[in-house]
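Take a look at the letters that make up each chain.
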Amino acid sequence: MFYIGMDSGSTTTKGVLFSADQLLDKYLIPTGGNPRGAMEEILARFIEKYQLTDANSKLITTGYGRKLIDSDLAITEISCHGKGAEYLQPGIKQVIDIGGQDCKTIQLNGKGTVVEFNMNDRCAAGTGRFVEVMMRTLGEDITKLDQFASIGEPVTINSMCTVFAESEVIGLISKGEKREDIACGVLHSIAKRISSQYSKLRPKRGEEVLFTGGLSRSTQFAEVLSTYVHAPVHTNELSQYAGAIGAAQIGQRKL
């Protein structure tokens, strides 16, 4: 039996294919304002490549668009991210997930079950979207974030509202501040906000954190975040797929 885990995010859609506990394949494509279409595209790729049928496969969805496509099971994203984190780093108890439009801090029991969490999905502050807007204002692509910010010294960014922060960045540029210093300052401002959200979980000081979501691709930000949460922050090459992996894992157990 094959299990497809699908995480429909605001920015990207992720799909993974499992057989038993083995990850066979994965896809990540832009959501592009069409979450249903993105999920259908990934599903079609899996079906064609592995000759999947209703009899030999199950589809489990999570994320914002989880109910937009017919699936065998739709699961809330917090549970999926918890189980996905456990798959990526067994025994982990603290998770910070930063996606395109939200930020989640999750506390686990060491076996992938969520104990407590909080989520910021009402404002773009501290999300991938915030970073994207700031980098665009600086005239750089978000894919160059690490090489750009790593050579800078952080300047203070006071506002975390995307609109006001963009104006603040423009003002800093007009004052002659180096763009790399501003980019570095943006990372520090986000890390400070996330650490405040994370502290509400009352984690043990120094306890390891798994960093997931799209922004986890930035090793520079992971380093900055580590200094604010006062703990080692780890990433994984599959961190961006945590939600989809968790969906497949939970689906495999329930179905």
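Up top is the structure.
Below you will find a few notes about this structure. Because the structure is a prediction, the values reported are computed rather than measured.

Observations regarding the overall build of the protein
So, point 1. Across its full length, the protein carries eight helices and 10 strands.
So, point 2. Here the protein has a C-alpha radius of gyration of 19 Å; the compact-globule value for 255 residues is 18 Å, and the two agree.
So, point 3. The principal-axis extents of the C-alpha atoms in the protein amount to approximately 65 × 40 × 30 Å.
So, point 4. Evaluated residue by residue, the protein yields a buried proportion of 53% over its 255 residues.
So, point 5. For the protein, the share of sequence-separated contacts (at least 6 apart) that also reach a separation of at least 24 residues comes to 65%.
So, point 6. Positive and negative side-chain charges of the protein, numbering 28 and 29 respectively, have mean locations separated by a distance of 5 Å.

A look at the sheet that holds strand S5 (residues 73–74)
So, point 1. With mixed pairing, five strands are arranged side by side in an open sheet as S3-S2-S1-S4-S5. Across the chains shown, the open sheet's two edge strands, defined by having one partner strand only, are strand S3 (22–30) and S5.
So, point 2. Here strand S1 (residues 2–8) pairs with strand S4 (residues 57–63) via seven bridges, running parallel. Paired with Ile4 across the two strands is Leu59, which belongs to S4.

A closer look at the packing of helix H3 (residues 128–137) against helix H5 (residues 162–174)
Packed helix pairs are characterised by how far apart their axes lie and by the angle those axes make with each other.
So, point 1. For the pair H3 and H5, interaxial distance at closest approach is 10 Å and the crossing angle is 25°. Considering the angle they form, H3 stands roughly parallel to H5. Taken as a pair, H3 and H5 cross one another with a handedness that is right-handed. Listed contacts from H5 to Phe130, Val133, Met134 and Thr137 of H3 are Thr162, Ala165, Glu166, Val169, Ile170 and Ile173.
So, point 2. Among the residues forming the contact of H3 with H5, the class breakdown is seven nonpolar, two polar and one charged.

So, the sheet that holds strand S6 (residues 94–98)
So, point 1. Strand order in this open sheet of five strands is S8-S7-S6-S9-S10, and the pairing throughout is mixed. The open sheet is flanked by strand S8 (114–120) and strand S10 (233–234), the only strands paired with a single partner.
So, point 2. As judged from the two bridges shared by strand S9 (residues 209–212) and S10, these two strands associate in the parallel manner. Bridge pairing in S10 places Leu210 opposite His234.
So, point 3. Each of S6, strand S7 (103–108), S8 and S9 touches helix H2 (residues 77–88); the most contacted strand, S7, lies at about 60° to it.
So, point 4. Here helix H6 (residues 179–199) sits on the sheet and contacts S6, S7, S8 and S9; the angle it forms with S7, its principal contact strand, is near 35°.

Concerning helix H1 (residues 35–50)
Since the α-helix turns once every 3.6 residues, residues separated by three or four places project in the same direction.
So, point 1. Compared with the 22 Å implied by 1.5 Å per residue over 16 residues, the 23 Å span of H1 between its first and last C-alpha is a close match.
So, point 2. Along H1, the positions that sit buried rather than exposed are Ala38, Met39, Ile42, Leu43 and Phe46. Buried residues in H1, looked at end-on, bunch into an arc of 130°, giving them a common side.
So, point 3. Its buried side turned inward, H1 meets S1, strand S2 (12–19), S3 and S4.
So, point 4. At the exit of H1 stands Gln51, carrying a positive phi of roughly 55°.

Points about the environment of Thr11
So, point 1. As for its position among the elements, Thr11 is in the loop between S1 and S2.
So, point 2. Distance in space between the C-alpha atoms of Thr11 and Gly99 is 7.9 Å, their sequence separation being 88 residues.
So, point 3. Setting aside residues no more than four positions away along its own chain, Thr11 makes contact with Pro30, Thr31, Gly32 and Gly100.

Remarks on the nonpolar core
So, point 1. Of all hydrophobic cores here, the largest spans 38 residues; its most connected members are Ile96, Ile98, Ile190, Phe211, Phe221 and Leu225.
So, point 2. For this core, the elements supplying multiple residues, two or more each, are S6, H3, helix H4 (145–149), H5, H6, S9 and helix H7 (219–229).
So, point 3. Among the elements that make up this core, the one with the highest residue count is H6 (eight residues).
So, point 4. In contact with Ile96, not counting residues within four places along its chain, are Lys104, Thr105, Ile194, Tyr198, Val209, Leu210, Phe211, Thr212, Leu225 and Val229.
So, point 5. Of all hydrophobic cores here, the second largest spans 22 residues; its members include Ile60, Ile92, Ala242 and Ile250.

Remarks on the pattern of salt bridges
So, point 1. Counted by the stated rule, this structure contains 10 salt bridges.
So, point 2. The partner of Arg129 in a salt bridge is Glu132, and the shortest N-O contact between them spans 3.7 Å. With a gap of three residues between them, Arg129 and Glu132 both fall in helix H3, about one helical turn apart.

What counts and what doesn't
- Residues numbered from 1 in each chain as written.
- Predicted model: local features only at pLDDT ≥ 70, side-chain atom pairs only at ≥ 80, totals over all residues.
- Heavy atoms only, no water.
- Helix = DSSP H or I, 4+ residues; strand = E, 2+ residues; numbered from the N terminus.
- Rg over C-alpha atoms; globule rule 2.2 N^0.38 Å.
- Buried < 20%, exposed > 50% of the residue type's maximum accessible area, 1.4 Å probe, protein only.
- Contact = heavy atoms within 4.5 Å.
- Lys, Arg positive; Asp, Glu negative; His and termini not counted.
- Charge placed at Lys NZ, Arg CZ, Asp CG, Glu CD.
- Pairing = 2+ DSSP bridges.
- Axes fitted to C-alpha atoms, helices over the stretch in contact; angles between N-to-C directions.
- Parallel < 35°, antiparallel > 145°, perpendicular 65-115°, else oblique.
- Left-handed = near helix turned anticlockwise from the far one by under 90°.
- Nonpolar A, V, L, I, M, F, W, Y, C, P; charged D, E, K, R; others polar.
- Expected span 1.5 Å × (residues − 1).
- Arc of directions from axis to C-beta.
- Core = buried A, V, L, I, M, F, W, Y, C linked by side-chain atoms within 4.5 Å.
- Salt bridge = Lys/Arg side-chain N within 4 Å of Asp/Glu carboxyl O.

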